[in-house]
Amino acid sequence: MPTSLQTLAEHGQSPWVDYVSRSFVRDGPLGELIGAGVRGLTSNPTILQSAIADGTAYDDQLHELLREQDDLKEIFLALVVEDLRGACDLLRPVFDENPGSQHGWVSLEVDPRLANDTSATAEEAIRLHRLVDRPNLMVKIPGTVAGLPAIEETVANGIPVNVTLLFSLERHRQAALAYQRGLRRLLVAGGDLRTVASVASFFVSRVDTEADRLLTEAGGPEDLRGTLAVANARLAYQTYQNVFSGPEWAELTAAGASPQWCLWASTSMKDERRPDVFYVEQLIGPDTVTTLPRQTAEAFLDHGTVADTLTQDLDDARTTLTRFEAAGVQYADVVQALEVQGVQRFGDSFQQLLNGIADKRDQLLRTS
C-alpha cells in the first residue's frame, strides 16, 4: 500500500523535505524518507545553523578547514557542500527516473544578504552550482526586484533556479516571466533547455500570520482568520497555468523546456486551532511541489489525507482577497511587508549561521 507521500506523487505533486544535516543525510533518515515518498530536499540558513552549531558531526572537518581557511563563509560552504552532494546523490535515482520534472532536486540558497544586489546574486548562483557540481542542484534566489534579473541571468547560464521568498501574485508572475526570458536566451545561445528547471517558492503560513495580525488590529471578521494563505496560493496556481501556456511557451517546450512549478513553502501550521497538516492537504494538485519540514512530513505520513484540492473554490479565493480589503487589510501591504521581513530574516539567519560557526571554531580552538 502506498504511503501518503507516494500518493501525493500519484496526484502530480512532488513532496520535498525542508531539512538537512550531516546525520540526516549520512545515517539513513533521508534515505528512509525517500523510500516513503520524499522526492526532493531544500534547506535554509536557520536549518543549517542548527545542523552545524549543535553536536559534533562537523567538528573533524572544521578542524581540517581551520588549518587553511579563516573566512567564515568559505568554511560554511565547505561544510554544507559535502552534505548537499550527499543529498543530491541519494536523490539522483529519483531525478534520473523523472526527466523534465521537478522530482529529485536539492536546493541551496545564495547568500541572502545579497538579495538586493543583482550582479552579486547571479555571480554567486553560478559559483554555488559549480561548487556542488551535481546536475540535480537548484540554486535558491529571492524573488525581489533585484532578484528578478538575477534569475534570468542564472537561467540563461543553464543553471536551475528555485525562486524563493515569493508572497505576492504579481511578483510570482514576474518570476515566471524572468525564467522564460532566461530560457529564451539560453536557447538562442545554443544551450540545452532540458538541463534547466525551476520552481517558484510561494510562502504559505507566513501570509496567514501577518494577515491575521492585521485583521485583529482592524477588528475584522473572525471567519476570515486563516483563509488568506490558501486563497493566495490557489490563485498563484492559476497564474502558473496562464503563464505557462500559449504559442510562445509551446516553442520553448518544443525545445525541451519544463515549466516553473509552484512550490508551497512554509507549510507548517502556526495556529494550534488548525490541523498540523492543514496547508499540505489544502494545496494538492498536479505540477506542484510541497515542501514539508521534517516534523510535518512525518505527521503527513501518519495521518495526512490526499485529495485534489488546489483548484477548489477559486471564486471563494478571489472573494477572500476582496473581503480582506473591505475589512481594512490591504493585500499589497501584507505581501510587501512579508517580502521586506523575509529578506531581513533570511539575512539575519545567515549572519547567525556564520556567528555560530565562529563560536564552534573558537570552542574547538580552546580545546585543541
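Coordinates for the structure precede this section.
Just so it is clear, the structure is predicted and the values come from calculations on it, not from any experiment. (Residues numbered from 1 in each chain as written. Predicted model: local features only at pLDDT ≥ 70, side-chain atom pairs only at ≥ 80, totals over all residues. Heavy atoms only, no water.)

Asker: I'm lost on helix α5 (residues 59-66) in this one. Help?
Answerer: Two residues of an α-helix separated by three or four positions point the same way, owing to the 3.6 residues in each turn. Within α5 the residues assigned to the buried category are D59, Q61, L62 and L65. Axial view of α5: buried residues confined to an arc of 160°, hence all on one face. Residues of α5 that are buried in the fold lie against α2 (22-26), α6 (72-97) and α16 (331-367). (Buried < 20%, exposed > 50% of the residue type's maximum accessible area, 1.4 Å probe, protein only. Helix = DSSP H or I, 4+ residues; strand = E, 2+ residues; numbered from the N terminus. Arc of directions from axis to C-beta. Contact = heavy atoms within 4.5 Å.)

Asker: What is the right way to look at the nonpolar core in this model?
Answerer: Note on soluble globular proteins: their nonpolar side chains tend to be buried together. Within the largest apolar cluster, 124 residues are counted, with the highest numbers of intra-cluster contacts made by L41, F76, L183 and W264. Take this core: its biggest share by element is 12 residues, from α6. Residues contacting F76, with those up to four places away along its chain left out, are L48, I52, F350, L353, L354 and I357. (Core = buried A, V, L, I, M, F, W, Y, C linked by side-chain atoms within 4.5 Å.)

Asker: I'm lost on the packing of aromatic side chains in this one. Help?
Answerer: In this description, a pair of aromatic rings is defined by centroid distance and the angle of the planes. Going through the model one piece at a time under the given rule, you end up with 11 aromatic pairs. Arranged with centres 5.5 Å apart and planes meeting at 90°, the rings of F76 and F350 form a pair that is edge-to-face. Residue F76 is found in helix α6, and its partner F350 is found in helix α16; the two are separated by 274 residues along the sequence. Like F76, the residue F350 is buried in the burial classification. Grouping aromatic residues by their ring pairs yields a cluster made of Y179, Y237, Y240, F244 and W249. A cation over an aromatic ring shows up here: R274 above the ring of F278, its NZ or CZ 4.5 Å from the ring centre. (Phe/Tyr/Trp six-rings, centres within 6.5 Å; stacked < 30°, edge-to-face > 60°. Lys NZ or Arg CZ within 6 Å of the ring centre and 35° of its normal.)

Asker: I keep staring at the side chain of S101 and nothing clicks. Help me out?
Answerer: On the secondary structure map, S101 appears in the loop between α6 and β3 (105-109). A polar side-chain atom of S101 sits 2.7 Å from the main-chain carbonyl oxygen of N98. (Polar contact = N/O pair within 3.5 Å; in protein donor to acceptor, adjacent residues only side chain to side chain.)

Asker: Just to check I follow, could you spell out the pairing of strand β8 (residues 288-292) for this structure?
Answerer: In summary, the side chains of a regular strand alternate between the two faces of the sheet. When you tally the buried positions in β8, you get five out of five residues, the bulk of the element. Residues T288, T290 and L292 of β8 are buried on one face, and the alternating residues V289 and T291, pointing to the opposite face, are buried as well. Pairing geometry for strand β1 (residues 13-18) and β8, over five bridges, is parallel. Paired with P15 across the two strands is T290, which belongs to β8. Relative to β8, strand β7 (residues 261-265) runs parallel, the two sharing three bridges. Directly across from C262, in β8, lies its bridge partner T288. (Pairing = 2+ DSSP bridges.)

Asker: What is the right way to look at the sheet that holds β7 in this model?
Answerer: Strands belonging to one sheet form pairs held by backbone hydrogen bonds; the direction of such a pair is parallel or antiparallel. The eight strands are arranged β1-β2-β3-β4-β5-β6-β7-β8 in a closed barrel whose pairing can be described as parallel. Between one strand and the next, the sheet's axes are offset by a mean angle of 25°, whatever the strand orientation. Relative to the sheet, helix α11 (residues 228-243) contacts β6 (198-203), β7 and β8, its axis offset from that of β7 by approximately 165°. (Axes fitted to C-alpha atoms, helices over the stretch in contact; angles between N-to-C directions.)

Asker: Help me understand the pattern of salt bridges, please; the structure alone is not making it clear to me.
Answerer: Working definition: two side chains of opposite charge can pair if their charged atoms are close together. Evaluation of the coordinates by the stated rule reveals 26 salt bridges. With a shortest N-O distance of 2.7 Å, D111 and R113 are connected by a salt bridge. Given a relative accessible area of 3%, D111 falls into the buried group. Classification of R113 by relative accessible area gives partly exposed; the value is 40%. In this structure, E210 and R213 form a salt bridge, with 2.8 Å as the shortest nitrogen-oxygen distance. Pair noted here: E210 and R213 are both in helix α10 (residues 205-218), with a separation of three residues, about one helical turn. Take E210: its relative accessible area is 8%, and that puts it in the buried class. For R213, a relative accessible area of 40% translates into the label partly exposed. Where salt bridges share partners, they join R22, R26, E82 and D83 into one cluster. (Salt bridge = Lys/Arg side-chain N within 4 Å of Asp/Glu carboxyl O.)

Asker: I would appreciate a short explanation of unusual backbone geometry in the present structure.
Answerer: In this model, L165 sits at a positive phi of 60°, which is unusual for a non-glycine residue. Mapped onto the fold, L165 is located in strand β5 (residues 161-166). Owing to a relative accessible area of 3%, L165 belongs among the buried residues under this scheme.

Asker: Before we go on, may I ask you to explain the pairing of β6 in this structure?
Answerer: For β6, the tally of buried residues reaches six of six residues, placing the bulk of the element in the interior. Residues S198, A200 and F202 line one face of β6 and the alternating positions V199, S201 and F203 line the opposite face, and both faces are buried. Direction of pairing for β5 relative to β6: parallel, over a ladder of four bridges. For V161, the partnering residue across the bridge sits in β6 and is S198. Between the parallel pair β5 and β6, the chain is carried across by helix α9 (residues 169-188), and the sense of this crossover is right-handed. (Right-handed = clockwise from strand over helix to strand, strands pointing away.)

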